[in-house]
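Reading the structure
Here is what each chain is made of, one letter per residue.
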Amino acid sequence: MKFLYPQFLWALTALSIPLLIHLFNFRRYTTVYFSNTRFLQNVVKQSKSINRLRQLLIMLARMLALAAIVLAFANPYFPSAVNNVDTGNYAALYIDNSPSMLSGEDQNSLLIKARNQAVEIIKGLPENYRVQILTNDFQGRQQRYYNKQQAIDLVDAITPSYAFRESEEIVDKLKQAQEKEGNTSLELFWLSDFQNTAFAEDITGPEEWRQTIVPFRTQQNLGNIAIDSAWFERPILQPGFDQELQVQLSNSGSEDNRKVSINLSLDGQLQGAKEVEIPAGSKTTTTFTLRVDEAKAYKGEISVDAGNPYFDNKFFFTYSVNRPFDILLTGNEEFRPKFEKLFRDSIYNIGFNELNRIDYSTLGNYDLIILDAPETVPSGFTQAVRENLNAGKTVVLIPSASSAEAINNVLANLRLPALGEKRPPANALDISYKDPHFKGVFSSTPEKPSLPKSEEHYQYSSSVGYPLITLADGNPMVSRIPVGTGTLLLVTTNLAKTNFSSHPIFVPVMLNAALFSRTSTALYTLSGKAKGPEFVVNQSGESPLSMMVDGQELIPRQRTRNQTVELYDLPTELKPGTYDVSKNGAAQGFLALNPSPQESRWSFLTDEEIANRFGLESSSILEADAKEIGFSISERYNGTSLWKWFLAAALLFLLMEIILIKLWK
């Protein structure tokens, strides 16, 4: 048995005076008692000696009580039998605050229980320990170590996070904090429901870490049906056109052929409802057809009637139905009627303008620029073409029959190889049907297709970009060349020297050049992901974009790229939903936020699986509902405390004293 000596000396000093008094009285009574040599013979007869015996026992009980109190204040303990690892006076607690930890009601939720137990664990640590508190928020303040009281304050401030984190990410964050502090050893506690998707891989921390697991069990362990994702099959988002929205659902449970009802609404108006059957442990996709008549931003919501859990039964998305594609045709007017006929649909707005009459400052308003067989190209126009490509637009270059010099000037400004010498007639040998430019055009590769041919063409390397149509001599007839975030379509033959403009393949090449001229924006953002949505700002000025959250204005982190503003690193405590985005009070669109689909897969590790995953003994797994979890942590450092037993002994001796006083008279 060992003592905490400073406390022992303090207690002994505080009680020394009454102890000395009792020792003096005890000596007086014992001297008188034992000096009477005839007492043993006359003990029953001599009442005075009996009274002295009673006083002696009372004094002895009182002295033993005082001694027990002194020992209790000294906090005696048996040293811990556990082979303690040197943790360098550093500890870390990972507290899972993901949506699955919200199961349970109000104050009985798993997150509340985890917070309470975390406080008890911190209290059980030695006073000189520095503590890190890490949650799924991954905030900057969580990359530091604090004293015990500061760590408890951080635990009390933990709120739900909708970010999904994998164990590897968590371990990396813990290591980063260690590197900043310069320590290597660590006492690490994991408080989580240990969802299978988050802890799918073995957790291999440094050997200097001593890890303790505190698993919290949810009542919902039978799987879940949730919406994984949603997307449009094609990017034609124009008024009056049908658009198919694909919705993928997953069933993480064991109940086969489970049927659920799905509803889809736009701006609060129901658009369709379906009943879908999803086999156990698999995914299925269903389709909704949408048609809107107005060009604007829409808020969408998909709801699934799948019971608990409660946080993922709704899926939010937003998209904008765009104005018509603005197309500029310039250069030679010979094929102007051909292009105007091709782009006669209402979703296109094509206009012709001579090169020397173009206001270069307005070229950024065009989605597609077609430069057909120019003899010369002004430098201002060349620079504007480059800016459009960097902004994600599309440009089509078609050389003149007499010379490729004008087109080569544009290519030189883009730092691309120039067109070479003219080549003799050649037939097309191959079409890249699987190229992304032909997405959705061909359901299968045609057998023995009729291919275009050219009377003459300019030599060009097929290694530059991606050839869409390749001629028999190895030169491309049409190449797709990524430039910046945009696309350059380079035609190596003049349209008057080929039947390309009359061939059926001309239609998807040119139409998709327009359709893909706008960057397809994401329908939604996942919580906890660094990259967020982008907005084409409708107002100039340096004022930032803002979001409305529960009636309050929030200015998220943002950065400007080309002509768009990206929101990124959104706060992880933002609830799933659709938020208004504005600038100076003017609406800019919506932001749809959803939790990660991995968080919706309700499957949790057993204690045995946890031990195997972490490579730990079962003794390292503590009961989450243990009432004295802090006491068991304290015993790691202080051993088994005995102060309660000495205090109980003091009470027993005092009780004996009372009995002697009251009953033995």
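We now turn to the structure provided with this report. Since this is a predicted model, take the numbers as computed values, not measurements. (Residues numbered from 1 in each chain as written. Predicted model: local features only at pLDDT ≥ 70, side-chain atom pairs only at ≥ 80, totals over all residues. Heavy atoms only, no water.)

A short note on the pattern of salt bridges
Pairs may arise between side chains of opposite charge once their charged atoms sit close together. Counted under the stated rule, the structure contains 22 salt bridges. Linking Arg480 and Asp435 is a salt bridge whose minimum nitrogen-to-oxygen distance equals 2.9 Å. Taken together, the residues span a long stretch of sequence, with Arg480 in strand β22 (residues 476-483) and Asp435 in the loop between β18 (426-431) and β19 (453-454) at a distance of 45 residues. In this pair, the class of Arg480 matches that of Asp435, namely buried. Shared partners join several salt bridges into a network, and the residues in it are Lys531, Glu534, Arg559 and Glu566. (Salt bridge = Lys/Arg side-chain N within 4 Å of Asp/Glu carboxyl O. Helix = DSSP H or I, 4+ residues; strand = E, 2+ residues; numbered from the N terminus. Buried < 20%, exposed > 50% of the residue type's maximum accessible area, 1.4 Å probe, protein only.)

A look at the packing of helix α9 (residues 379-390) against helix α10 (residues 405-413)
Two elements in contact, α9 and α10, have axes whose closest approach is 9 Å; the angle formed by their N-to-C orientations is 50 degrees. Regarding the angle of α9 to α10, the classification is oblique. As for how α9 packs across α10, the hand of that crossing is right-handed. Between α9, through Thr382, Gln383, Val385 and Arg386, and α10, the contact on the second element is made entirely by Asn409, Val410 and Asn413. For the contact of α9 with α10, the residue count by class is two nonpolar, four polar and one charged. (Axes fitted to C-alpha atoms, helices over the stretch in contact; angles between N-to-C directions. Parallel < 35°, antiparallel > 145°, perpendicular 65-115°, else oblique. Left-handed = near helix turned anticlockwise from the far one by under 90°. Contact = heavy atoms within 4.5 Å. Nonpolar A, V, L, I, M, F, W, Y, C, P; charged D, E, K, R; others polar.)

Describing the sheet that holds strand β2 (residues 90-95)
Pairing within the open sheet is parallel, and its four strands lie in the order β3-β2-β4-β5. Each having just a single partner strand, β3 (130-134) and β5 (209-215) make up the two edges of the open sheet. Averaged over all pairs of adjacent strands, the angle between their axes in this sheet comes to 15 degrees, without regard to strand direction. (Pairing = 2+ DSSP bridges.)

Here's the deal with the packing of aromatic side chains
Under the definition given, this model contains 17 aromatic pairs. Taken together, a centroid distance of 6.0 Å and an interplanar angle of 35 degrees make the contact between Phe325 and Tyr348 tilted. Of this pair, Phe325 sits in strand β13 (residues 325-331) while Tyr348 sits in strand β14 (residues 348-352), placing them 23 residues apart in sequence. Comparing Phe325 with Tyr348, the two get one shared label, buried. Their ring planes at 70 degrees and their centres at 5.2 Å tell us that Phe343 and Tyr348 sit as a pair that is edge-to-face. Assigned by exposure class, Phe343 and Tyr348 land together as buried. Put simply, the rings of Tyr94, Trp190, Phe194, Phe199 and Phe614 touch in pairs and so form one group of aromatic residues. One cation-aromatic arrangement involves Arg165 over Phe138; the distance from NZ or CZ to the ring centre is 4.1 Å. Across from the ring centre of Phe288, 5.2 Å away, lies the NZ or CZ of Lys274, which sits over that ring. (Phe/Tyr/Trp six-rings, centres within 6.5 Å; stacked < 30°, edge-to-face > 60°. Lys NZ or Arg CZ within 6 Å of the ring centre and 35° of its normal.)

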